[in-house]
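Listed below are the residues making up each chain.
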Amino acid sequence: MPVKQYPFYLKATVILFGVILLIYVLFNLQAIMIPLAFAMVFAILLNPVYTWFRKRKIPNILSITLTILLAFIVFGGMLYFLSSQIAKFTDTLPLLKQKFSTLTIQFGQWVQ
């Protein structure tokens, strides 16, 4: 059975229409696709922990629960330490502004 050859302008039109349609669909589904992408990244990152629990002969439901609990603990710890560092930074911000202003004045005098 011979393969039918289509002209270039027809192939290019179909490919261009397909690309435009794909971009349109992805743009309209971005509210769904972005959380799904983050969920896939988290699933890929947590899969080794789950398999480690399964190798230790821990039941399936308990392995999933422990993996999610461990992820929440790690995320909560990171959030706690990050917020404490931000709080310390906001406490020292006026002092940093004062030092920066004196340094800019000294630099201006040095340039003159």
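Everything discussed here concerns the structure shown above.
Computed from a predicted model, the values in this text were never measured in an experiment.

Reading the values: the criteria
Residues numbered from 1 in each chain as written. Predicted model: local features only at pLDDT ≥ 70, side-chain atom pairs only at ≥ 80, totals over all residues. Heavy atoms only, no water. Helix = DSSP H or I, 4+ residues; strand = E, 2+ residues; numbered from the N terminus. Rg over C-alpha atoms; globule rule 2.2 N^0.38 Å. Buried < 20%, exposed > 50% of the residue type's maximum accessible area, 1.4 Å probe, protein only. Expected span 1.5 Å × (residues − 1). Phe/Tyr/Trp six-rings, centres within 6.5 Å; stacked < 30°, edge-to-face > 60°.

**Points about the overall build of the protein**
Within the protein, the regular secondary structure consists of three helices and zero strands. Put simply, the protein runs from its N terminus to its C terminus through helices and strands in the order α-α-α. Rg of the C-alpha trace for the protein: 28 Å, well past the compact-globule value of 13 Å for 112 residues, more than 25% over. Taking all 112 residues of the protein together, the buried fraction comes to 4%.

**Brief notes about helix α1 (residues 8-28)**
Spanning 21 residues, α1 covers 30 Å between terminal C-alpha atoms, matching the ideal 30 Å at 1.5 Å per step. Within α1, only zero of the 21 residues are buried, which leaves it mostly out in the open.

**Topic: the packing of aromatic side chains**
The full count for this structure, using the stated rule, is three aromatic pairs. On the numbers, 5.3 Å between centres and 65° between planes, the contact of Tyr80 with Phe81 is edge-to-face. Looking at Tyr80, the relative accessible area reads 54%, which means it is exposed. Look at Phe81 and you get exposed, because its relative accessible area is 55%.

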